Amino acid sequence: MTSVMTMVACLTAMSVCVVVLAEARLVAIDRYAAGITRIHNKYRNQEKAANMQMLIWDNTLARKAAEWSENCYWGHQRRGLGENLAYRWSTGTLKPSDVIIKAIKGWYNEKFIWRWSTQCGAACHYTQMVWAKTTKVGCAYSICNQLRTTGSPVRNAHYLVCFYNPPGNYYGQFPFWYGQRCTKCGKSDICRKGLCCSQAKSHHNQYLPNGRRIEDELIGQVITPKYSSTRNQQVDKSKISVSIKIMYDGKVVHRDQIKSRYETKIRNDVMNYLLKKDGDV
């Protein structure tokens, strides 16, 4: 997707206007969403945090990030969300995956210039990344022929914008509670690989980048082709969908819902699929 923004600078004394076209090409973020989430959770897991929540991808945040990145403006939006920004430029070709990985690593490496305190100082990217109460992330990636900055515009800039919710970096608050992992999770949370996973994050209410609900995606990609066709067995999709929801909410599926050993296998495969989709480390 390509958008064009017009910037007009006028020299009033001479009544001369200079028109500059700032073109932005929005890179499809879908293929990088799982990786971005996984890397964030990997770094969050490295902290000795007692209450660190697992992040999930949020498409609404990603859309808002896309609207901002397409402006090709190097600055924060400041509309009630956590924000991390990064860009790289080159006269040659840059791979989006490399830019994303290096940007997130750069944010996290601010840890080494920060001292444990209730102020983020010069490490606000890092503290937002590891803000324990943040549960959602959504990012966008635009290639700007000119990225507007406080100085000269940056040509051929690859611009990454990540938004977070709830936001972090509240003055007077620590980013997380220091202690043994998962010892300060919510009452209804489950601990997954050192991170608190809230039942409120049930994936059957989440949407994938292609707009399909995740339970439909699971039924279409995992259950139907693997079990209906190869075993010539008709699968009751509504029952399986219910089982997915109950299992992912951390509850035990009742025995009367398990009609056969094949359904048990399906349930296990679905759980493994969810773990991969969730970006666990």
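Preceding this paragraph is the structure being described.
Residues numbered from 1 in each chain as written. Predicted model: local features only at pLDDT ≥ 70, side-chain atom pairs only at ≥ 80, totals over all residues. Heavy atoms only, no water.

Q: I'm lost on the pattern of salt bridges in this one. Help?
A: Side-chain pairing between opposite charges can occur once the charged atoms of the two side chains come close. For the coordinates displayed, the defined rule picks out 2 salt bridges. As a salt-bridge pair, Lys111 and Glu47 come within 3.3 Å of each other at their nearest N and O atoms. A residue pair is termed long-range when its members are at least 10 positions apart, and Lys111 in the loop between helix 3 (96–108) and helix 4 (124–129) and Glu47 in the loop between helix 1 (30–45) and strand 3 (56–57) qualify at 64 residues. For Glu47, a relative accessible area of 4% puts it in the buried group. Across the pair Asp58 and Lys136 runs a salt bridge, and its minimum N-O distance is 3.9 Å. Placement of Asp58 in the loop between strand 3 and helix 2 (59–69) and of Lys136 in strand 5 (residues 136–147) is noted, with a sequence separation of 78 residues between them. (Salt bridge = Lys/Arg side-chain N within 4 Å of Asp/Glu carboxyl O. Helix = DSSP H or I, 4+ residues; strand = E, 2+ residues; numbered from the N terminus. Buried < 20%, exposed > 50% of the residue type's maximum accessible area, 1.4 Å probe, protein only.)

Q: Which parts of the structure should I look at to understand a nonpolar patch on the surface?
A: A surface patch of nonpolar side chains, about 370 Å² in accessible area, is lined by Trp116, Phe174 and Tyr178. Examined against the element boundaries, Trp116 turns out to sit in the loop between helix 3 and helix 4. (Patch = residues over 30% accessible without salt bridge, like charges linked within 9 Å, V, L, I, M, F, W, Y side chains within 5 Å. Areas by Shrake-Rupley, 256 points an atom, 1.4 Å probe, with all protein chains shown as cover.)

Q: Teacher, can you tell me more about the side chain of Asn84 here?
A: Position of Asn84 among the secondary structure elements: in strand 4 (residues 82–89). From its side chain, Asn84 meets the backbone oxygen of His125 in a polar contact 3.2 Å long. Among the polar contacts made by the side chain of Asn84, one reaches the side chain of Tyr164 at a distance of 3.3 Å. Sequence-distant contacts of Asn84, defined by excluding residues within four places in its chain, comprise Trp107, Cys124, His125, Gln128, Met129, Leu160, Val161, Cys162 and Tyr164. (Polar contact = N/O pair within 3.5 Å; in protein donor to acceptor, adjacent residues only side chain to side chain. Contact = heavy atoms within 4.5 Å.)

Q: Explain the side chain of Glu110 here, please?
A: Note that Glu110 resides in the loop between helix 3 and helix 4. Although Glu110 is buried, it forms no salt bridge, and the closest oppositely charged side chain is Lys111 at an N-O distance of 13 Å. Side-chain polar atoms of Glu110 contact the side chain of His125, separated by 2.6 Å. (Lys, Arg positive; Asp, Glu negative; His and termini not counted.)

Q: For this particular structure, what's the right way to read the nonpolar core?
A: Where a protein is soluble and globular, its nonpolar side chains tend to be buried together. Counting residues in hydrophobic clusters, the biggest one holds 37 residues, and the most contacted among them are Ile36, Trp57, Ile104, Trp107, Met129, Tyr141 and Leu160. The set of elements that each furnish at least two residues to this core consists of helix 1, helix 3, helix 4, strand 5, strand 6 (154–165) and strand 8 (195–197). Looking at which element gives the most residues to this core, the answer is helix 3, with 6 residues. By size, the runner-up hydrophobic cluster in this structure holds 17 residues, among which are Leu61, Cys72, Cys144 and Val154. (Core = buried A, V, L, I, M, F, W, Y, C linked by side-chain atoms within 4.5 Å.)

Q: Just to check I follow, could you spell out the packing of aromatic side chains for this structure?
A: In this description, an aromatic ring pair is defined by two values, namely the gap between the centres and the angle between the planes. Evaluation of the coordinates by the stated rule reveals 11 aromatic pairs. On the basis of an interplanar angle of 15 degrees and a centroid distance of 4.3 Å, the ring pair of Tyr43 and Tyr108 is categorised as stacked. Taken as a pair, Tyr43 in helix 1 and Tyr108 in helix 3 lie far apart in primary sequence, 65 residues in all. Each of the two residues, Tyr43 as well as Tyr108, counts as buried. Here a set of aromatic residues connected by ring pairs shows up, and it is made of Tyr43, Tyr108, Trp114, Trp116, Tyr126, Phe174, Phe176 and Tyr178. (Phe/Tyr/Trp six-rings, centres within 6.5 Å; stacked < 30°, edge-to-face > 60°.)

Q: Got a minute to help me understand the pairing of strand 6 in this structure?
A: Taken residue by residue, a regular strand's side chains alternate between the two faces of the sheet. The element strand 6 is extensively covered by neighbouring structure, given that 9 of its 12 residues are classed as buried. Bridging between strand 4 and strand 6 involves 8 bridges; their strand directions are antiparallel. From the neighbouring strand, Ala86 faces strand 6, where its bridge partner is Leu160. A loop of 6 residues connects strand 5 with strand 6, the two strands running antiparallel in sequence. (Pairing = 2+ DSSP bridges.)

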